[in-house]
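Chain by chain, the residues:
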Amino acid sequence: MAGEVERLKAQTVVIGSGPGGATVARELARRGKEVLVLEEGAYHKPVGSWLTMLKMLDHMGNFASIEGTQMVRLLTVGGSTVSFCGVAYQPPAWLKDRHGIDIQPYLDEINAELDIKPMPESLIGGGSRRIMAAAQEEGLDWKPLPHFLDASKCDLSCPKCMIGCAKGAKWTAREFVEEATAAGVRLKTQAKADDVLFDGGRVTGVRGTGKTGPFLVEAERVVVAGGGLGTPMLLQASGLEDAGRNGFFIDPLQLTTGIPAKGPGSHKDIPMTCGTLEMQDEGIIMTDVIDPWPLYYFGMVMGGPRKAKFYTGFPRTLGIMTKSRDALTGSIMPDGKVSKPLGSPELDLLAKGREIATRVLVRAGCAPDSILSAPPRGAHPGGTVRIDDFLDRDLQTPIAGLYVCDSSVIPEPMGLPPVMMILGLAKRLVNETLEKGA
Ligand SMILES: Cc1cc2nc3c(=O)[nH]c(=O)nc-3n(C[C@H](O)[C@H](O)[C@H](O)COP(=O)(O)OP(=O)(O)OC[C@H]3O[C@@H](n4cnc5c(N)ncnc54)[C@H](O)[C@@H]3O)c2cc1C
């Protein structure tokens, strides 16, 4: 009946089905626990089409900080991994050294379970090979990067990783969601958690809005995994007003492109196959990648009048991404707006990356007057409710039984794609805390 509240019960509610939420649900399911996953997005299908991609993107991809930096997140089963590039960066040592959290045993499990390996030679496209050769001639340690990929299902005919892998070659968090549901976990899609309920300092449930109206879940434990932006918004709406108010990172990235006179470009290549981590300690990583064509042309048009060669040269265009570490600045506002000013040192790091990318692209044959850099954007908002700040080292909030497990918890700016760290933290949360009934 319209207006009636649907009432549910679960031992553990997991909010969000990105890599954090999916891994927690899968690990609990493997231990026979009773779990309900609430996911704001739908189970969008088929993946690999632009129409599906537009439906999955928050604000159809048009979400930006109030300062104008574009930020991308997907609201769908599997979260942003549905469009991620699948690079499996091993997390930095500071998580153990400075925060006492050792996830290495869990990373070893993930490396084995998902068979993480460097991108095989056969899947490195023509543009990426040109860039690698030029980068190595420039003295950079540029090499194939480890990927979440079943290489036997992948080939070079569809460079669609970023709009969703239709071949099932790229691992996404949907695989863990499917494993969890096969083991009995309930998944409620298009079910947005509106607030978490607690009483006397202990969590009691979740209130939300679903396809058919409002719902109320009574729960012993709640794990919030709504992502770097979704989690602080939900915690604020639940009365935890400090969530997301004390700075965060977005790992700003910048694409630099150039057009050689002839030869293969990057647009048919699998993105981020190769790159360099040698400046990681300084705060920069660099990889091959170019925007898919609709985004490339959108950027060209938005960038103002350009010479015809920039439009016609797309099939030959080579692209390099610089990703930098940024400072913990900015705030998530109660109205859902986000402030994220960019300043030094991240803009200086991006400038250094642009200068290196330009040298590499020119060496790869690009005309110097064809080099362009897009405005910085953020693909990894995180660190919004950090360990050793908002959370304790068991990922618990000040409310007993209320945990967070996603990119929000990362305690320091990363400057690195975070999925491996999130998976390791999620396995640790279940094995060392939730399993013990905390
Ligand atoms: C184009 C692109 C390429 C990338 N490439 C890489 C890469 O190569 N390697 C890498 O490691 N990382 C990469 N990333 C980053 C990576 O995908 C994200 O950092 C990661 O998915 C974050 O995981 P998460 O669990 O924190 O949140 P998300 O993946 O954002 O998942 C959060 C989920 O929670 C749901 N949710 C939010 N709020 C609510 C609510 N109130 N109620 C119910 N559900 C809610 C959302 O719908 C979403 O499904 C890339 C990202 C992008 C956009």
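Please read all numbers here as calculations on a predicted model, not as lab measurements.

Cut-off values and rules
Residues numbered from 1 in each chain as written. Predicted model: local features only at pLDDT ≥ 70, side-chain atom pairs only at ≥ 80, totals over all residues. Heavy atoms only, no water. Helix = DSSP H or I, 4+ residues; strand = E, 2+ residues; numbered from the N terminus. Rg over C-alpha atoms; globule rule 2.2 N^0.38 Å. Buried < 20%, exposed > 50% of the residue type's maximum accessible area, 1.4 Å probe, protein only. Areas by Shrake-Rupley, 256 points an atom, 1.4 Å probe, with all protein chains shown as cover. Lys, Arg positive; Asp, Glu negative; His and termini not counted. Charge placed at Lys NZ, Arg CZ, Asp CG, Glu CD. Near = heavy atom within 4 Å. Polar contact = N/O pair within 3.5 Å; in protein donor to acceptor, adjacent residues only side chain to side chain. Nonpolar A, V, L, I, M, F, W, Y, C, P; charged D, E, K, R; others polar. Axes fitted to C-alpha atoms, helices over the stretch in contact; angles between N-to-C directions. Parallel < 35°, antiparallel > 145°, perpendicular 65-115°, else oblique. Left-handed = near helix turned anticlockwise from the far one by under 90°. Contact = heavy atoms within 4.5 Å. Phe/Tyr/Trp six-rings, centres within 6.5 Å; stacked < 30°, edge-to-face > 60°. Lys NZ or Arg CZ within 6 Å of the ring centre and 35° of its normal. Core = buried A, V, L, I, M, F, W, Y, C linked by side-chain atoms within 4.5 Å. Salt bridge = Lys/Arg side-chain N within 4 Å of Asp/Glu carboxyl O. Pairing = 2+ DSSP bridges. Right-handed = clockwise from strand over helix to strand, strands pointing away.

Draft legend 1. View of the overall build of the chain. A count of helices and strands for the chain gives 11 helices and 18 strands. In terms of C-alpha radius of gyration, the chain reaches 21 Å, essentially the compact-globule figure of 22 Å for 438 residues. Overall, the chain is about 65 × 50 × 45 Å in size when its C-alpha atoms are taken along their principal axes. In the chain, buried positions account for 56% of the 438 residues. Summing over all exposed atoms, the chain offers an accessible surface of approximately 17,400 Å²; the carbon and sulfur share of this is 54%. Side-chain charges of the chain comprise 48 positive and 51 negative groups, with the mean position of each set lying 5 Å from the other.

Draft legend 2. Just the site of the ligand, in detail. Around the ligand sit 35 residues, and of these E39, S80, V87, S407 and V419 come closest. Between an oxygen atom of the ligand and a main-chain N or O atom of G86, the distance comes to 3.2 Å. Mapped onto the shell around the ligand, the elements with two or more residues apiece are α1 (19–30), β7 (192–199) and α11 (419–432). For the shell around the ligand, the class distribution of residues is 17 nonpolar, 14 polar and four charged.

Draft legend 3. Main features of the packing of α1 against helix α6 (residues 173–182). At a closest axis distance of 8 Å, the pairing of α1 and α6 adopts a crossing angle of 30°. One way to sum up the angle between α1 and α6 is to call them roughly parallel. With respect to the hand of their crossing, α1 and α6 are arranged in left-handed fashion. Where α1 abuts α6, its residues P19, A22, T23, A25, R26, A29 and R30 lie against A173, F176, V177, E179 and A180. When the residues that make up the contact of α1 with α6 are grouped by side-chain class, the tally is eight nonpolar, one polar and three charged.

Draft legend 4. Region of the structure containing the side chain of H380. Secondary-structure assignment places H380 in the loop between β17 (377–378) and β18 (402–404). Judged by relative accessible area, which is 15%, H380 ranks as buried. Polar side-chain contacts of H380 include one of 3.0 Å to the side chain of D251. Apart from the residues within four sequence positions on either side, H380 is in contact with F249, I250, D251, K323, L416, P417 and P418.

Draft legend 5. Fine view of the packing of aromatic side chains. Here the structure, examined in full by the defined rule, presents seven aromatic pairs. Here W171 and F176 contribute two aromatic rings whose centre-to-centre distance is 5.1 Å and whose plane-to-plane angle is 65°, an arrangement assigned as edge-to-face. Here Y296 and Y297 contribute two aromatic rings whose centre-to-centre distance is 5.3 Å and whose plane-to-plane angle is 90°, an arrangement assigned as edge-to-face. Over the face of the ring belonging to F215 we find K188, whose NZ or CZ atom lies 5.2 Å from the ring centre. For K340, the ring lying beneath its charged end belongs to F248, and the centroid distance is 5.3 Å.

Draft legend 6. Summary view of the environment of G230. With respect to the secondary-structure elements, G230 resides in helix α7 (residues 227–237). With a relative accessible area of 16%, G230 lands in the buried category. Between the C-alpha atom of G230 and that of I15, which follows or precedes it by 215 residues, the distance is 9.8 Å.

Draft legend 7. The arrangement of the nonpolar core in detail. In terms of nonpolar packing, the biggest core is built from 82 residues, with I15, V24, F148 and V222 touching the most fellow members. Filtering out sequence-adjacent residues up to four positions away, V24 remains in contact with V14, V223, C405, A426, L429, V430 and L434. In this structure, C161, I284, I320 and I356 belong to the second largest nonpolar core, which totals 29 residues.

Draft legend 8. Examining the environment of K9 more closely. Within the fold, K9 resides in strand β1 (residues 6–15). Taking the relative accessible area as the measure of exposure, K9 reaches 55% and is therefore exposed. Not counting chain neighbours up to four residues away, the residues in contact with K9 comprise E34, R186, V217 and E218.

Draft legend 9. The arrangement of the pattern of salt bridges in detail. Applying the stated criterion to the full structure yields 34 salt bridges. In this structure, E179 and R26 form a salt bridge, with 3.1 Å as the shortest nitrogen-oxygen distance. One end of the pair, E179, is in helix α6; the other, R26, is in helix α1, with 153 residues separating them in the sequence. Overall, E179 belongs to the partly exposed group, its relative accessible area being 35%. With its nearest N and O atoms 3.3 Å apart, the salt bridge here joins D141 to K143. Classification of K143 as partly exposed rests on a relative accessible area of 43%. Through salt bridges with shared partners, a single network forms among R26, E27, R30, R31, E109, E113, E179, K427 and E435.

Draft legend 10. Expanded view of the pairing of strand β2 (residues 35–38). Going residue by residue along β2, you find V35 and V37 tucked away on one face and L36 and L38 tucked away on the opposite face as well. Here β1 runs beside β2; their pairing, made up of four bridges, is parallel. Bridged to V13 within β2 is L36. Since β1 and β2 lie parallel, the crossover through α1 that links them has a hand, and here it is right-handed. Strand direction decides the pairing type here: β2 and strand β6 (residues 186–188), joined by three bridges, are parallel. From the neighbouring strand, L36 faces β6, where its bridge partner is R186.

Draft legend 11. Molecular detail of the environment of I422. By the element assignment, I422 lies in helix α11. For the pair I422 and S407, spaced 15 residues apart in sequence, the C-alpha to C-alpha distance is 6.3 Å. Those residues in contact with I422, other than ones at most four positions away along the chain, are P19, G20, D406 and S407.

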